[in-house]
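In case you want the letters, here they are:
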Amino acid sequence: MSVRHLSGTTAGHRPELREKSLLDRLALDDPELNDRLRESLERVETWLLAVARDAADPRVGAVAGHLAEAGGKRLRPLLVLLGAEFGEPWRDGVTQAAVIAELVHIASLHHDDVMDGAGTRHGVPSVHARFGERAAVLAGDWLLARASQLAAQLGPEAVQLNARTAGRLVAGQLRELTGPAPGEDPVAHYFQVLAGKTAALLSMALGIGALQAGAPPATLTALTEYGELLGVAFQIADDLLDLRSPCGASGKEPGTDLLAGVPTLPVLLALEGTDPADAELRALLAAGPVPATSLRRTLDLFARSPALPETEAVLYRRLDRARTVLGALPALPARDALLALCDYVAHRTS
Ligand code: FPP
Ligand code: MG
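Note that the structure is a prediction, hence the values are computed from the model and not measured.

(A) Representation of the overall build of the protein chain within the structure. Helices and strands together make up the secondary structure of the protein chain, namely 17 helices and two strands. Rg of the C-alpha trace for the protein chain: 20 Å, near the compact-globule value of 20 Å for 350 residues, within the 12% margin. With respect to the three principal axes, the spread of C-alpha positions in the protein chain is 60 × 50 × 40 Å. Relative to its 350 residues, the protein chain shows a buried fraction of 54%. Within the protein chain, contacts between residues at least 6 apart in sequence are counted, and of these 76% link residues at least 24 apart. In the structure as shown, the protein chain presents an accessible area of about 15200 Å², 56% of it carried by carbon and sulfur atoms. Counting 34 positive and 43 negative side-chain charges, the protein chain places the averaged centre of each group 3 Å from the other.

Right, dumping it as structure tokens:
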């Protein structure tokens, strides 16, 4: 496949079409915290755009900056900033840590969209759809390298956290690719995949924020544990979105996971079910990746399947555990924000 459009600048996305940041959707009760987070997120945003813009070769910057320009929820930077609230959030290094977490995330999306064959991301063409697969993968690597450089400036603990997290992301994605080992329970395998590909980075974001702000070790531990639980819940909610999101509402194409044959939790639970009413759905799913011609039918069958409420029940249990972990933290406005995040994940629409 040839590398396309490498000579251009970034796609020039229209700012009004950018996905709303999570902070805007959370409607936090505490105005001071809200303002502080907004200002910090603006600094993160400026820095993120500058990373690609400052590339020695503007053609590299064009590919590497495509997704950052398209926007996104900025969940990971928000988690870094909230983690920092449990220490001294004004300390040097907190904003930089937030940039690192988002760069790793964007790098992973470059690779993920190639692997899933996803045509869009954040409501714009995915990086590989715009620039070709090889350029998308390499620009993802470049972003990961930039994140490593920034972590090196923060010191060995940040380097360690960043490296370990990148390793967990890749291992999680690899486990997804290889599937369960012979005899391994597919649902247990699924949760291991999620722990790597999603929970690791959410947990790291909270941890690196707390670390940079000098929060006490016990607080850091509780925050990272919460991050692991929130991360799994977040990805289960993502699985549900793939089946439910009306076209375009989430910035993703509905059924992308089904077409790619990703064994999401609703798929695994449907396959494990024994209800005769689900026999047609089971047959479609058992045959491998759903062909485009059967996608509408599969989505319709899912809408009536008990696999969806069962998946929701698993999601809500994780969120309850996450809320319990938060009980160990000081009762700061940031803790209320983390509780609000649980509600957001429970009702996620994008
Ligand atoms: C989205 O999952 C994917 C991830 C959260 C992580 C993907 C990780 C890699 C590709 C490993 C490479 C990592 C680095 C750091 C270079 P999804 O496809 O279920 O969700 P989606 O609907 O948002 O695509
Ligand atoms: Mg994907």
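So, next bit.
(B) Here's a closer look at the packing of aromatic side chains. Taken as a whole, this structure holds one aromatic pair when the rule is applied. Taking the centre distance of 5.2 Å and the plane angle of 80° together, the rings of Tyr190 and Phe191 count as edge-to-face. On the basis of relative accessibility, which here comes to 4%, the residue Tyr190 falls in the buried class. Between Arg318 and the ring centre of Phe191, over which it is positioned, the NZ or CZ distance is 4.5 Å.

(C) Structural view of helix H10 (residues 186-212). Spanning 27 residues, H10 covers 38 Å between terminal C-alpha atoms, matching the ideal 39 Å at 1.5 Å per step. In terms of burial, H10 is a largely internal element, 22 of the 27 residues being buried. Where H10 ends, the next residue or the one after it, Gly214, has phi of about 70°, a positive value.

(D) Broad picture of the nonpolar core. Within the largest apolar cluster, 103 residues are counted, with the highest numbers of intra-cluster contacts made by Tyr226, Phe302, Leu338 and Leu341. In contact with Leu338, not counting residues within four places along its chain, are Leu79, Leu82, Phe86, Leu206, Leu223, Tyr226, Leu326 and Leu329.

(E) View of the coordination of the magnesium ion (ligand 2). Protein coordination of the magnesium ion (ligand 2) is provided by Asp112 (OD) and Asp116 (OD), with donor distances spanning 2.0 to 2.1 Å. One end of the pair, Asp112, and the other, Asp116, are both in helix H6 (residues 94-116), four residues apart, so they sit about a helical turn from each other. Of the two residues, Asp112 and Asp116, neither departs from the other in class, the shared state being buried.

(F) Helix H17 (residues 333-346), seen in detail. Its 14 residues place the ends of H17 20 Å apart at the C-alpha level, agreeing with the 20 Å of an ideal helix rising 1.5 Å per residue. Residues of H17 that are buried in the fold lie against helix H1 (22-26), helix H2 (31-53), helix H5 (75-84), H10, helix H11 (217-244) and helix H16 (307-326).

(G) Broad picture of a nonpolar patch on the surface. Taken together, the side chains of Met115, Val170, Leu174 and Leu177 make up a nonpolar region of the molecular surface, amounting to roughly 400 Å² of accessible area. The dominant element in the nonpolar patch, judged by the number of residues it contributes, is helix H9 (residues 156-178), at three residues. Summarising the element assignment, Leu174 is placed in helix H9. On the basis of relative accessibility, which here comes to 46%, the residue Leu174 falls in the partly exposed class.

(H) Structural detail: the site of ligand 1. By nearness alone, 14 residues border ligand 1, and Asp112, Asp116, Arg121, Lys197 and Gln235 come closest of all. At a separation of 2.7 Å, an oxygen atom of ligand 1 approaches a polar side-chain atom of Asp116. In this structure, an oxygen atom belonging to ligand 1 sits 2.7 Å away from a side-chain N or O atom of Gln235. Protein burial of ligand 1: of its 630 Å² of free accessible surface, 93% is covered by the chains. Counting residues per element, the ones that place at least two in the shell around ligand 1 are H6, H9, H10 and H11. With four residues, the top contributor of residues to the shell around ligand 1 is H6. Here the shell around ligand 1 is composed, by residue class, of three nonpolar, five polar and six charged.

(I) Seen up close, the environment of Val267. Topologically, Val267 is positioned in helix H13 (residues 265-272). Its relative accessible area of 7% is what places Val267 among the buried residues. The residues touching Val267, leaving out its near neighbours within four places in the chain, are Leu258, Val262, Leu285 and Phe302.

(J) Quick peek at the pattern of salt bridges. Overall, the coordinates contain 17 salt bridges when judged by the stated rule. A salt bridge links Arg244 to Glu312; its shortest N-O distance comes to 2.8 Å. With Arg244 in helix H11 and Glu312 in helix H16, the pair connects residues that are 68 residues apart, well separated along the chain. Three or more residues joined by partner-sharing salt bridges are found here, namely Glu45, Arg74 and Glu102.

(K) Spotlight on the packing of H2 against H6. Two elements in contact, H2 and H6, have axes whose closest approach is 9 Å; the angle formed by their N-to-C orientations is 55°. On the basis of their axis angle, the class for H2 and H6 is oblique. The chirality of how H2 crosses H6 is right-handed. Here Ser40, Arg43, Val44, Trp47, Leu48 and Val51 of H2 come into contact with H6, specifically with Thr95, Gln96, Ala98, Val99, Glu102 and Leu103. Here the residues of the contact of H2 with H6 sort into seven nonpolar, three polar and two charged.

Parameters and conventions
The residue numbers shown here count from 1 along each chain, following its written sequence. Chain A is the first chain written and ligand 1 is the first ligand written, with later ones labelled in order. At least 70 in pLDDT is required for a residue's local features to be given in this predicted model, at least 80 for side-chain atom pairs to be given and counted, and no such filter applies to totals for whole chains, interfaces and linings, which use all residues. Working from all heavy atoms in the structure, the side-chain values ignore hydrogens and water. Under the DSSP-based scheme used, a helix requires at least four consecutive residues in state H or I and a strand at least two consecutive residues in state E, with every element numbered from the N terminus. Note on method: radius of gyration uses C-alpha positions; expected globular size equals 2.2 Å times residues raised to 0.38. Using a 1.4 Å probe on the protein chains alone, a residue whose accessible area is under 20% of its type maximum counts as buried, one over 50% counts as exposed, and one in between counts as partly exposed. By the convention used here, residues are in contact when the closest approach between their heavy atoms is within 4.5 Å. Here, Shrake-Rupley sampling with a 1.4 Å probe gives the accessible areas, and only protein chains in the shown set may cover a residue. The positive count covers Lys and Arg only, the negative count covers Asp and Glu only, and His and the chain ends enter neither. Here the site of a charge means atom NZ of a Lys, CZ of an Arg, CG of an Asp or CD of a Glu. Each aromatic pair joins two rings of Phe, Tyr and Trp (for Trp, the six-membered one) with centres within 6.5 Å, and gets the label stacked for planes under 30 degrees apart, edge-to-face for over 60, and tilted for any other angle. Here, over-ring charges are defined by two tests on the NZ atom of lysine or the CZ atom of arginine: distance to the ring centre within 6 Å, and angle to the ring normal within 35 degrees. By this rule, a helix spans an expected 1.5 Å times one less than how many residues it contains. What is meant by a nonpolar core is a set of buried Ala, Val, Leu, Ile, Met, Phe, Trp, Tyr and Cys residues, joined one to another through side-chain atoms within 4.5 Å. Only nitrogen, oxygen and sulfur atoms qualify as donors, and only when within 2.8 Å of the metal (3.2 Å in the case of Na, K and Ca); with water excluded, sites may look incomplete. Without a salt bridge and with relative accessible area above 30%, a residue can belong to a patch; like charges are then joined within 9 Å and nonpolar side chains (Val, Leu, Ile, Met, Phe, Trp, Tyr) within 5 Å. A carboxyl oxygen of Asp or Glu within 4 Å of a side-chain nitrogen of Lys or Arg is what we treat as a salt bridge. One heavy atom within 4 Å of a molecule or strand is enough for the residue carrying it to be called near that molecule or strand. Throughout this description, a polar contact denotes any pair of N or O atoms lying within 3.5 Å of each other; where both atoms belong to protein, one of them has to be capable of donating a hydrogen while the other can accept it, and for residues adjacent in sequence the pair is counted only when both atoms sit in side chains. The classification used treats Ala, Val, Leu, Ile, Met, Phe, Trp, Tyr, Cys and Pro as nonpolar, Asp, Glu, Lys and Arg as charged, and all other residues, Gly among them, as polar. Helix axes are fitted only over the stretch in contact, all axes being lines through C-alpha atoms; the angle between N-to-C directions runs from 0 to 180 degrees. Our angle categories are set so that under 35 degrees counts as roughly parallel, over 145 as roughly antiparallel, 65 to 115 as roughly perpendicular, and the remainder as oblique. A clockwise turn of the near helix away from the far one marks a right-handed crossing, whereas an anticlockwise turn of less than a right angle marks a left-handed crossing.

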